[in-house]
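These are the residues of each chain, in order.
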Amino acid sequence: MRTLLALSAALLLTGALAQGNTCPKLGGTATIAQNSEPGNLNPLIFPTTYDTNIEELVFNALVKPTADLDFQGDLARSWTFSPDKKTLTFKLNPGIKWSDGQPLTAQDVAFTLTAIASPKYNGGAFSQVEILSGADAYHDGKASKISGIKVINPTTIALTTDKVYAPILATMAGIMILPEHIYGKIPVENWQKDATNRSPVGSGPFVFKQYRSGELIELAANKNYFAGRPCLDRLIIRFGDANTMLAALVNGEVDAAPVPVPSVASVKDNAKIKLTTVNQLDFDYVGTNLRNPILAEQAVRTAMAYAINRKAIVTGLMSGYGSVVDTLFPKSHWAYPTNVKPIPYDPALAQKTLDDAGWKMSGGVRSKGGQTLKFRLFYTTGNPVRERGAALIQANLRQVGIQVDLQSMDFPTLVTYLLPKDGQSKPRAVNASDFDLFILGFGIERDPSEYLSYFTADGQPPNGYNFTGYTDPAGGNLLMKGQETVNQAARKSLYNQFGLLMRDQLPWIPLTQAQALYGNQTRLHNFAPDIRGVNVNVTKWWVQ
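Remember, it's a predicted structure, so these values are computed and weren't measured experimentally.

What counts and how
- Along every chain, residues carry numbers that run from 1 in the direction the sequence is written.
- Where local features are concerned, this predicted model is filtered to residues with pLDDT of at least 70; where side-chain atom pairs are given and counted, the filter is 80 or more; whole-chain, interface and lining totals use all residues.
- Note that water and hydrogens are dropped before the side-chain values are worked out from all heavy atoms of the structure.
- The secondary structure listing takes helices from DSSP runs of H or I that are at least 4 residues long and strands from runs of E that are at least 2 residues long, numbered from the N terminus.
- In this description the radius of gyration comes from C-alpha coordinates, and the expected globular size is given by 2.2 Å times residues to the power 0.38.
- Buried, partly exposed and exposed residues are distinguished by accessible area as a fraction of the type maximum, computed with a 1.4 Å probe on protein chains only: under 20%, between the cut-offs, and over 50%, respectively.
- Two residues form a contact once any of their heavy atoms are found within 4.5 Å.
- Only the protein chains shown count as cover for residues, and the accessible areas themselves come from Shrake-Rupley with a 1.4 Å probe.
- Lys and Arg are tallied as positive, Asp and Glu as negative. Neither His nor the chain termini are counted.
- Throughout, a charge is located at the NZ atom of Lys, the CZ atom of Arg, the CG atom of Asp or the CD atom of Glu.
- Being paired, for any two strands, means DSSP has found at least two bridges between them.
- Helix axes use the C-alpha atoms of the stretch in contact, all axes being lines fitted to C-alpha atoms, and the angles between their N-to-C directions lie in the range 0 to 180 degrees.
- We define a salt bridge as a contact between a side-chain nitrogen of Lys or Arg and a carboxyl oxygen of Asp or Glu at a distance within 4 Å.
- Ring pairs shown here join Phe, Tyr and Trp side chains whose ring centres sit within 6.5 Å, with only the six-membered ring taken for Trp; geometry is labelled stacked below 30 degrees between planes, edge-to-face above 60, and tilted in between.
- Confidence per residue, as judged by the predictor, is encoded in pLDDT with a range of 0 to 100.
- The definitions used throughout rest on a 1 Å grid laid over the protein atoms alone, on which a cavity is an enclosed set of points accommodating a 1.4 Å probe that cannot get out and a pocket is an open set flanked by protein within 12 Å on both sides along at least five of seven lines; lining residues are those having an atom within 4 Å of a point.
- Grid points are joined across faces, edges and corners, and a volume is the space filled by probe spheres set on the points.
- Asp, Glu, Lys and Arg are counted as charged, while Ala, Val, Leu, Ile, Met, Phe, Trp, Tyr, Cys and Pro are counted as nonpolar; the rest, among them Gly, fall into the polar class.
- Any angle that falls under 35 degrees is termed roughly parallel, while one over 145 is termed roughly antiparallel, one within 65 to 115 roughly perpendicular, and all others oblique.
- For a crossing to be left-handed, the near helix must be turned anticlockwise from the far one by less than a right angle; the clockwise case is right-handed.

Student: For the overall build of the protein, give the residues involved together with the corresponding values.
Tutor: Along the protein, the regular secondary structure elements total 16 helices and 24 strands. A compact globule built from 544 residues should have a C-alpha radius of gyration of about 24 Å, and the protein, at 24 Å, falls within 12% of that. Projecting the C-alpha coordinates of the protein onto the three principal axes gives extents of approximately 80 × 60 × 50 Å. Every one of the 544 residues in the protein was classed for burial, and the buried ones make up 55%. Residue pairs in contact within the protein that sit at least 24 positions apart in sequence constitute 67% of those at least 6 positions apart. When the accessible surface of the protein is totalled, it reaches about 21,900 Å², and 51% of it is carbon and sulfur. Charged side chains of the protein number 51 positive and 45 negative; the gap between the two group centres comes to 2 Å.

In structure tokens form, the structure reads like this:
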């Protein structure tokens, strides 16, 4: 980073202290790697992990999580609840500006939340604002505004819900705020195809500079960042498959990169690379398409779970850096039910389960009523554990008479199957023929209430992320009660019950929870990823 000669040493110190730490060195460029190119840079358009890794460098939310999953201010400096717990009033930090110099106000917050509820919005986040009073009426075209959003003054906004909504802070932590003077000029239904989806304007610690498709994104320090400018001048995010990015790390071409567990030996003894192990709040699973009547059979999903040797994935493919999980919460999360019944690896039990359900073996494949147990399994490239795990799962299922055809693809391509579009490129509902099975990871970034978008009938695409098509009200009701219960012990009990139900029903077949490994060049200081991700203290990174 070039130091501005006009700044005095005192001003430099003041700027550094504003971000809560001094920068031993201002300036320079760091290059970090991720294993896939982002699909969108508008944080309100179906954000994936790869999207969010970049978006959180450019945008801010009202609040953000702490390392212990509590919340601290981001754009907001304070917030208060009304006595009935239905109204939450945020006060913004004063003097915040967008990267183009325009002021950020409470009106931008109101614009963002209102846009998500627009009848024409198709980005998958409506469920996050549906809890606000009047959001449904606005979404249905029956009101001209959302009654539960009130801008009190340029730095104060009040949000009201009809019912007590326990995870409202967690919800707000997941909604990055957009500048109305930029995105308000674009019809909300065109956000995904607009140029701003590749050239965003935000308020975050870095300013977007360029996007070279298939190669990198370049960001520059926001020297007017309200929380204090970053120590770095530039941050470059390169993308490519995991092996390519690891080679770039070893060769010194990037400063930090994820380290695939099978490749950990290549960096473990490298004196120039620091290896960090991070417990994660995510897990891998096999997703099923319950619109397929065969996969809708409980016995078929249960038998598949019994047939998959998940422990072999941990020991053989992950080198022990992880564990099996038996329900749809990571073990490191407070919602994980400690009394969950383990899913055994038991091929004989899998075969008996299928036999009892009428699926008879013939020629190595099971059939019933003229239908065959044959599925496509989609998985993403660039993740060696998932790539090799897919082959292991294929072999495991073949042993019990289930034929699996593997289809690999990059992550953005997989998304086109899970979140399909019609001939006019508009999001449409998922049908039974779009996919059968897929391997993905899921991370609880904020609160278990986010499962609502994945396991309720009205969360099915294009309204949410219920790719699987799970519609049992038993699960949805537990999730609804969880989001309306303020008492933490009672909330934990409800989510524990949901976890136990998911163990029995298996709309997702849980696989493993990995520890994330990151390597960074020793010249990059303060790189300290944790359960929240890679960028939690990005303003403090500096390079020698």
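Still more to cover.
Student: Explain the sheet that holds strand E18 (residues 374-380) residue by residue, including any values.
Tutor: By way of backbone hydrogen bonds, the strands of a sheet pair with one another, either parallel or antiparallel. Read across the sheet, 5 strands follow the order E19-E18-E20-E13-E21 without closing on themselves; strand pairing throughout is mixed. Strands with a single pairing partner mark the edges of an open sheet, and in this sheet they are strand E19 (403-409) and strand E21 (508-510). With strand direction ignored, the average angle separating the axes of adjacent strands in the sheet is 35°. Two elements, E18 and strand E20 (residues 437-443), share 2 bridges in a ladder whose sense is parallel.

Student: Lay out the pattern of salt bridges with the relevant residues and their values.
Tutor: What the rule picks out here adds up to 15 salt bridges. Here Glu 215 ties to Arg 212 by a salt bridge, and the two come within 2.6 Å at their closest N and O atoms. Among the ionic pairs, Asp 530 bridges to Arg 532, the shortest N-O distance being 2.7 Å. For Asp 530, a relative accessible area of 18% translates into the label buried.

Student: Hey, could you go over the pairing of strand E16 (residues 365-368) for me, with residue numbers and the actual values?
Tutor: Summarising the sheet, strand E15 (residues 360-362) and E16 pair through 3 bridges and their orientation is antiparallel. Within E16, the position partnered with Ser 362 by the bridge is Val 365. Note: E16 against strand E17 (residues 371-372), 2 bridges, orientation antiparallel. Paired with Lys 368 across the bridge in E17 is Gln 371. Connecting E16 to the next strand, E17, in antiparallel fashion are 2 residues, including Gly 369 with a positive phi near 60°.

Student: So what's going on with the sheet that holds E15? Residues and values would help.
Tutor: Spatially, E15-E16-E17 is the arrangement adopted by the 3 strands of the open sheet, whose pairing is antiparallel. Two strands close off the open sheet at either side, each with one partner strand: E15 and E17.

Student: An account of unusual backbone geometry is requested, with residue identities and associated values reported.
Tutor: Of note, the amide linkage connecting Pro 461 to Pro 462 takes the cis form, showing an omega dihedral of 10°. In this model, Lys 85 sits at a positive phi of 65°, which is unusual for a non-glycine residue. Assignment of secondary structure puts Lys 85 in the loop between strand E4 (76-81) and strand E5 (87-92). Unusually for a residue other than glycine, Leu 506 sits at a positive phi of about 55°.

Student: If you had to explain the packing of aromatic side chains to someone new, which residues and values would you point to?
Tutor: Summed over all chains, the structure comprises 33 aromatic pairs. Summarising the aromatic geometry, the rings of Phe 46 and Tyr 465 are spaced 5.7 Å apart at their centres and angled 80° between planes, so their arrangement reads as edge-to-face. Here the residue Phe 46 occupies a position in the loop between strand E1 (29-34) and helix H2 (49-58), and Tyr 465 occupies one in the loop between E20 and helix H15 (473-484), the gap between them amounting to 419 residues. With centroids separated by 6.2 Å and ring planes inclined at 80°, the aromatic side chains of Phe 438 and Phe 467 adopt a geometry described as edge-to-face.

Student: Now, about the pairing of strand E13 (residues 282-288): what can you tell me, with residues and values included?
Tutor: Across a regular strand the side chains alternate sides, sitting on one face of the sheet and then on the other. In terms of residue burial, E13 counts as a mostly covered element, since 6 of its 7 residues are buried. Inspection of the sheet shows E13 paired to E20 by 7 bridges, in the antiparallel sense. Among the inter-strand pairings, Tyr 285 is bridged to a residue of E20, identified as Leu 440. Here E13 pairs with E21 via 3 bridges, running antiparallel. Bridge pairing links Gly 287 to Trp 508 in E21.

Student: How would you explain the confidence of the model for the protein if you had to name every residue and give the values?
Tutor: With 96% of its residues at a pLDDT of at least 70, the protein reaches an overall mean of 92. Across residues 1-20, confidence stays below pLDDT 50; counting only partners more than four residues off in sequence or on other chains, it has 31 contacts.

Student: Requested: an account of empty space enclosed by the protein, with residues and values cited.
Tutor: Following the criterion strictly, the structure yields 2 cavities of 30 Å³ or more and no others. Within this model, the largest cavity holds a volume of roughly 60 Å³. Every residue along the wall of the largest cavity is listed here: Asp 284, Ile 313, Val 385, Arg 386, Gly 389, Ala 390, Ile 393, Ile 439, Leu 511 and Thr 512. Per element, the largest residue contribution to the lining of the largest cavity is 5 residues, and it comes from helix H13 (residues 384-399). Across the lining of the largest cavity, the residue classes tally to 6 nonpolar, 2 polar and 2 charged. A volume near 30 Å³ is recorded for the second largest cavity. As for the second largest cavity, its lining consists of Phe 81, Lys 85, Lys 86, Thr 87, Leu 88, Leu 159, Thr 161, Tyr 165 and Ile 168. Looking at the lining of the second largest cavity residue by residue, the class counts come to 5 nonpolar, 2 polar and 2 charged.

Student: Outline the packing of H15 against helix H16 (residues 488-505), listing residues and values.
Tutor: The contact between H15 and H16 brings their axes to 9 Å, and the two run at 160°. Judged on the interaxial angle alone, H16 and H15 are roughly antiparallel. Judged by the twist between their axes, the crossing of H15 over H16 is left-handed. Seen from H15, the contacting residues are Ala 474, Gly 475, Leu 478, Leu 479, Lys 481, Gly 482 and Gln 483; seen from H16, they are Arg 491, Leu 494, Tyr 495, Gln 497, Phe 498 and Leu 501. A class-by-class count of the residues in the contact of H15 with H16 yields 7 nonpolar, 4 polar and 2 charged.

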